[in-house]
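# Breakdown of the fold
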Amino acid sequence: MIYKESTAPVTERVQDLLSRMTNEEKLAQLGAQWLILKEDGDHQDRELEMASEQTRVPVKERLKHGLGQITRPLGTHVTSPQAGVAALNKLQKYLVEETRLGIPAISHEECLVGLMSKEATLYPSSLNYGHTWNDKLIEEMAQDIGRQVRAAGAQQGLAPVLDVSRDVRWGRTEETLGEDPYHVGVMATSYVRGLQGEKRDVLATLKHYVGHSFSEGARNHAPVNLGLKELNDTFMLPFEMAIKLANAGSVMPAYHDIDGEPCHSSEYLLTEVLRNQWGFDGLIVADYGGIDLLRAHHAVASTEEEAAALAFNAGLDIELPDDACASRLQAALDKGLISQAKLDEIVSRILTKKFELGLFENPYCEEPDEPLSNSKSKALAYQVASESIVLLKNDGTLPLDTQKKVAIVGATADDQLALLGGYSFPVHLILSSMESDEKVAKTIREAIAERFNTTFYAKGCEILTERHANAPVFPGDVDLALSQTQTSPISMDESLIGDAASAIAQSDVAVVCVGDLAGLFQTGTVGEGSDVESLSLPGIQQSLVDAALDSGKPVVVLVTGGRPYNLGRAEQEAAAIVYGWAPGQEGADAIADVLTGTVNPSGKLTLSIPKSVGAVPYYYNHKLKSGGTPIAYHFGSKYNFGFGLSYTDFTYSNFNVANAVVEHEDTIDVSLTLTNTGDRDGTEVVQLYVRDVYSSLVRPVRELKGFSKVSLKAGESKKVTFALPVDMLNFTDSKHNRIVEAGDFDIMIGRSSDDILFKQTVTLKGETRVLPRAWRMICEGHIEVESSAQVESEVMA
């Protein structure tokens, strides 16, 4: 049998195996099973929150014709990596040795913030990744996540998230990398490269395709109302970059509809764009329950077989997490809703990936003989956390003298889960009603207490009165949303504030820890399905901050969680404001090291912080008229994209644009000298922005087109050079082509999007150009140390 010959070409192996398969065996490849796997082979069903109402047949009956994917064998329940892999091997052994053709299954796991499994590294949130502006670091981190994914026996990871943030009220803001499409594309591409490795033996899954983050009212699953030009320029660009530059192996459509068409049934998005225009050769997998939602919520299909036919005809390959609709495709075939040729086409793609992954030769995974997380994992988690912390305000109080007496107050100060994102394993357990008291991370209180001689602690308030699964509104439950009055679990009890005031009275300085508790579907204050209507701190945390300010002591406000907040009086009166986001298992040490000056903060905002909820949606790369006419008083941001302070000072000089007139094949070469004029070593992010001065279509007021993270010793200078391809001046026209128009472009260098230090106009000659598939997507940066003589000259100037 050719398909069993490892030396035969993959195309021949696929053709041979496909020719031997019955339709039952083919259809089995289009689905998955989400089971509690057992080492003895007695695999059990688990409750499927988003499953259809049909009765499930016994597990062995569902497996007898084979299986496309195994859903989260280690991430579904608490099991050791050794036991989990042994159970996975037991299921794989059945598929390989006891089904007629012996086709192994692909195992997938969640891995956005590290492998979602017991004993895996709890990395910072995706939002933290973005705030590092360090694509090389994120690639290195993703390599370690990929190592852990492989050790767990998985061949596919459901990450990264490429949604471009638009409204920070959205619960999934914590999963985004930021609000700029180019920045998201660069960081996500690095993640994909790291996770997949050179062999591409783990498939990264780009999600959520596409526009998921610009829903009505920033509500989970809500419709997205966008034109295709804006969709392409803002939301599709990161996906295009990760596919073309990193050869991403999988894509996951989003739950919502765009202008009435659900993403899961969009042939334009799934086939025309992904495969025909971009050349994507991977697998398109459904978001959990996404096919059935075509029937149950979108109402564009009346039965499971109609929903399945819509999705698979559009370009989908595999249903996740189960086969609720894929198992009904025989009925769709019988009714002529889908053709045999389409079925064979899909199965061929699935088999191709299984052969390319080497599953037929190596279907089993060795049980891990060493911990998933090691010393390098810990060091990487710390580095990502420390580089992502953003210092927004500082009157000189920071860094803190460790001899000072410090009050540590706030609901997040002594809660290890306050450091974790929603897709971390311990937080996910809450949703599954499997809470654990296991110690997984040092708390902020513990880390600060280790560094100071005298500390006083008081919680000051609670954020939630209770945390549990089965929140009243699971994604899109329309009847419940309309008929049930909900009671918020957010605490409004102010009785503990007095204890905090007493602790602050004994101290020299107060660190007030506020923010979110991540939790999916309203088990927390941020996360998937945990959307908000306000940018005020959850509960009575602002009252705690105000009480600290009333003390007259210097107040450092430390915000952790998955979105920015308006901090009221603190924005004017606090001595310092620090954002740590959701910094993961090493986050407390990273935060404490920033507070004490062991680490000089280098994080820069990738989310603009709106002045008020009335300003949302707000993002720096808006159109000129976004503020209204006249510009609304509540529009804008005090802390814009790219902003972040340091404990040292940087001077920019010697700006130069090498070519003031360019043609389409050129690059625009921009250089400058960056000098650390302070007395501490530090790191700066140099940012290159562009504005299309006049265009046939309305363009944003400013767009990031390049960035470079530069580390400098005190007194040191480096020359920073950017090579910006003219191709990157493109936008989408009415025919959905990426085009570059001739004309004038302002080239800008800034500390942030609203702190521009240099601007020069460059003229592009020629006619309008339609870009080819392989257009130049990356602005390369180059850094070189300047001689001491040059440094002295620049400082004197």
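Residues numbered from 1 in each chain as written. Predicted model: local features only at pLDDT ≥ 70, side-chain atom pairs only at ≥ 80, totals over all residues. Heavy atoms only, no water.

The protein chain is annotated in an unreviewed UniProt entry as Beta-D-glucoside glucohydrolase from Vibrio chaetopteri. Quoted verbatim from the Sequence similarities (unreviewed entry) field of the UniProt record, the comment on the protein chain reads "Belongs to the glycosyl hydrolase 3 family." (UniProt positions renumbered as here; feature names shortened; annotations may be inferred.)

The subject of this paragraph is the packing of aromatic side chains. The description of two aromatic rings rests on the distance between their centres and on the angle between their planes. Scanning all chains against the criterion turns up 17 aromatic pairs. Seen from their ring centres, tryptophan 34 and tyrosine 288 are 5.1 Å apart, and the 65 degrees between their planes marks the pair as edge-to-face. Of this pair, tryptophan 34 sits in the loop between strand S1 (32-33) and strand S2 (35-36) while tyrosine 288 sits in the loop between strand S11 (283-284) and helix H10 (290-296), and the two are 254 residues apart along the sequence. Each member of the pair, tryptophan 34 as well as tyrosine 288, carries the same accessibility label: buried. Here tyrosine 620 and tyrosine 689 contribute two aromatic rings whose centre-to-centre distance is 5.8 Å and whose plane-to-plane angle is 75 degrees, an arrangement assigned as edge-to-face. Of this pair, tyrosine 620 sits in the loop between strand S18 (609-610) and strand S19 (637-639) while tyrosine 689 sits in strand S23 (residues 682-692), and the two are 69 residues apart along the sequence. (Phe/Tyr/Trp six-rings, centres within 6.5 Å; stacked < 30°, edge-to-face > 60°. Helix = DSSP H or I, 4+ residues; strand = E, 2+ residues; numbered from the N terminus. Buried < 20%, exposed > 50% of the residue type's maximum accessible area, 1.4 Å probe, protein only.)

Okay, the state of the cysteines next. One pass over the structure, following the stated rule, counts 0 disulfides. No disulfide involves cysteine 111; its sulfur sits 15 Å from the nearest other cysteine sulfur, which is in cysteine 365. Note on cysteine 365: relative accessible area 16%, which makes it buried. (Disulfide = S-S within 2.5 Å.)

Moving on, we come to the nonpolar core. The tendency in soluble globular proteins is for nonpolar side chains to be buried side by side. Counting residues in hydrophobic clusters, the biggest one holds 153 residues, and the most contacted among them are Tyr129, Tyr191, Tyr209, Phe312 and Ile668. Among the elements that line this core, the one with the most residues is helix H8 (residues 228-246), at 9 residues. Among all residues touching tyrosine 209, those that are not within four sequence positions of it are Met236, Phe239, Val251, Met252, Pro253, Ala254, Cys263, Leu269, Leu270, Val273, Leu274 and Trp278. Ala411, Ile540, Leu549 and Tyr565 belong to the second largest nonpolar core, which has 43 residues in total. (Core = buried A, V, L, I, M, F, W, Y, C linked by side-chain atoms within 4.5 Å. Contact = heavy atoms within 4.5 Å.)

As recorded in UniProt, the feature "domain: Fibronectin type III-like" (unreviewed entry) lies at residues 684-753. Secondary structure across residues 684-753 divides into 0% helix and 61% strand, with the first and last C-alpha atoms of the span separated by 14 Å.

Attention now moves to the sheet that holds strand S16 (residues 555-560). Pairing is mixed in the open sheet, where 6 strands are placed in the order S12-S17-S16-S15-S13-S14. At either end of the open sheet lies a strand with only one pairing partner, and these are strand S12 (390-394) and strand S14 (454-458). Strand-to-strand, the axes of this sheet are offset by a mean angle of 20 degrees, without reference to chain direction. This element, helix H19 (residues 541-550), spans strand S15 (509-515) and S16 of the sheet and lies at about 170 degrees to S15. (Pairing = 2+ DSSP bridges. Axes fitted to C-alpha atoms, helices over the stretch in contact; angles between N-to-C directions.)

Now for helix H14 (residues 375-388). An α-helix turns once every 3.6 residues. As a result, residues three or four positions apart point the same way. The end-to-end C-alpha separation of H14 is 20 Å, in line with the 20 Å expected for 14 residues at 1.5 Å each. Among all positions in H14, only Ser377, Leu380, Ala381, Val384, Ala385, Ser386, Glu387 and Ser388 are buried. For H14, the elements touching its buried residues are helix H5 (126-132), helix H6 (135-151), S12, strand S17 (576-581), helix H21 (587-596) and strand S24 (703-712). (Expected span 1.5 Å × (residues − 1).)

Here serine 602 lies in the loop between H21 and S18. A residue is classified by how much of its surface remains accessible, and serine 602, at 6% relative accessible area, is buried. Within the structure, serine 602 has its side chain in polar contact with the side chain of lysine 709 (distance 3.3 Å). Sequence-distant contacts of serine 602, defined by excluding residues within four places in its chain, comprise Glu387, Ile389, Thr683, Val685 and Lys709. (Polar contact = N/O pair within 3.5 Å; in protein donor to acceptor, adjacent residues only side chain to side chain.)

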